[in-house]
Amino acid sequence: MASFTHKAARLAFSKALDVMLDRVYKDREKGLTDALNVIEKFAPDTFSKETYAMFRKFLTDPNEKWNQYLNKLIDELDPNVLKMTLLNLVFEAMINGTKTIRANREKYGCNIPWLILMDPTSACNLHCTGCWAAEYGHKLNLSFEDLDRIVTQGKELGVYFYMFTGGEPLVRKADILKLCKKHHDCEFHAYTNGTLIDDEFAEEVRKVGNLSFSISLEGFSEVNDLRRGDGVFARVMKAMDILKAHGCFFGTSICYTAKNLETVTSDEFLDMEIEKGVRFSWYFHLMPVGMKAAPDLMPSPEQREYIYHRIREIRANKGGKMIYTMDFQNDGEFVGGCIAGGRNYFHINANGDAEPCVFIHYSDSNIHEKSVLECLQSPLFMQYRAHQPFNKNMLRPCPMLENPGVLTQMVNKSGAHSTDLQEPESAEHLCGKCVDYAKAWKPVADKLWAQTDYHPHKYENWAGFSQKDASGAEASRS
């Protein structure tokens, strides 16, 4: 009965989208307002009335930055890509999925994520210097049956958003497209180096409509190719041109370090991205993961404070750039701290190991032996659930980078093991590289946190579970 009701609601939303999108292409302002009305009708409690009113305001103001951004998006995205993104990301993941996830968190007493990140393969066509993904080895793969089973089990829990990383996930692009077609009610997203994208593949992506991309960049050609190989930057630029020409949805994934931080947030770099059709940019703080990591490349406290402010300048309503920027580390204040351990996402590597985070290579469960739900109920994931948030300052969210003693404690208590198959790294060794960093960042983070309007209590129910202190966790929350 519930399945029938869901299918009927999806069909109704789909038909409403068809009418709305037809109006959008004929009368942009009225069509967009109608679209918002449709979303509010299906999800009146997803946003407050004040937030819906704010959305309506910018939809009717042609001088508003995000009005212009949205219009550019509509003009350049293929209609099928636009519809499938709205249908799967908004209706399935945000509306239907969120309700199901919250109910299942209560039912099963564990974290249930909003998205699952998985590695179809550990293989890659590039050999980037210092790539932590390569530490898994190059011969591991999740079969199509594995990927299909993960998505099928995930949907039963309410998860309708799936991301791929690797390795290079597009080494398996035939299976990825097959998965997108079979699970047409899910949204998929691939973190890719971009070099395997060609016209034939982009056209298939346009047809399925439910696959988007984050393309890795480290800077302009000189810096990017120093790490990734000669000519890679030019191949990435070509891939962007191809995706834009086919009306596909894509952005960039940028690891910022002490060396490239100012370049990858410069006006020149952002203008280049926007011209190429980049819609968003994920910024990731360098993590000292692996025995061959270079902790000296981690940003200084002053550099991290700079990028904290700079990312907000870029995405500001007034001024800024016509691109949406997100900072995985410094935007913790908007999502209540750490989102790993299944709270909002977790990672399955190419060996099938369920890891709490793409940067935390420890596990006590494998999807070849357990279901997705059983992995989420494992001792390591339950340790995450008990300890989150890891302190009261959401600008210090990570149990490794800013709270290094907590990760060691959770790994040891759960009996988790290193998933690095080439050179296993103990939690003590990994976290030892973060102690000085965490100590130096704390006073800066505390200063910034004191200036923000966001406070931990706002997120106590956001993730669907109580955030009461677990035994022994209080010391980490100062």
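- As annotated in an unreviewed UniProt entry, the chain carries the name Radical SAM protein and is attributed to Porcincola intestinalis.

Thoughts on the pairing of strand 8 (residues 345-348)
Turning to step 1, where the next piece is worked out: Side chains Tyr345 and His347 project from strand 8 onto one buried face, and the interleaved Phe346 and Ile348 project onto a second face that is buried too.
Turning to step 2, where the next piece is worked out: Pairing geometry for strand 8 and strand 9 (residues 354-355), over 2 bridges, is antiparallel. Bridge assignment links His347 to a residue of strand 9, and that residue is Glu355.
Turning to step 3, where the next piece is worked out: In this structure, the hairpin formed by strand 8 and strand 9 is closed by a connection of 5 residues, where Gly352 is found at a positive phi of approximately 95 degrees.

A short note on the pattern of salt bridges
Turning to step 1, where the next piece is worked out: Using the criterion set out here, one finds 30 salt bridges in the structure.
Turning to step 2, where the next piece is worked out: Measuring nitrogen to oxygen at the nearest pair gives 3.1 Å for the salt bridge that ties Asp34 to Lys30. With a gap of 4 residues between them, Asp34 and Lys30 both fall in helix 2 (residues 28-42), about one helical turn apart.
Turning to step 3, where the next piece is worked out: For Asp34, a relative accessible area of 15% corresponds to the buried category.

Quick notes on the packing of helix 6 (residues 144-157) against helix 7 (residues 173-182)
Turning to step 1, where the next piece is worked out: It is the contact of helix 6 with helix 7, at a shortest axis distance of 10 Å, that shows an interaxial angle of 35 degrees. Between helix 6 and helix 7 the crossing geometry is right-handed. Facing Phe144, Leu147, Asp148 and Val151 of helix 6, the residues of helix 7 in contact are Asp175, Lys178, Leu179 and Lys182.
Turning to step 2, where the next piece is worked out: Counted by class, the contact of helix 6 with helix 7 contains 4 nonpolar, no polar and 4 charged residues.

About the cut-offs
Residues numbered from 1 in each chain as written. Predicted model: local features only at pLDDT ≥ 70, side-chain atom pairs only at ≥ 80, totals over all residues. Heavy atoms only, no water. Buried < 20%, exposed > 50% of the residue type's maximum accessible area, 1.4 Å probe, protein only. Helix = DSSP H or I, 4+ residues; strand = E, 2+ residues; numbered from the N terminus. Pairing = 2+ DSSP bridges. Salt bridge = Lys/Arg side-chain N within 4 Å of Asp/Glu carboxyl O. Axes fitted to C-alpha atoms, helices over the stretch in contact; angles between N-to-C directions. Left-handed = near helix turned anticlockwise from the far one by under 90°. Contact = heavy atoms within 4.5 Å. Nonpolar A, V, L, I, M, F, W, Y, C, P; charged D, E, K, R; others polar.

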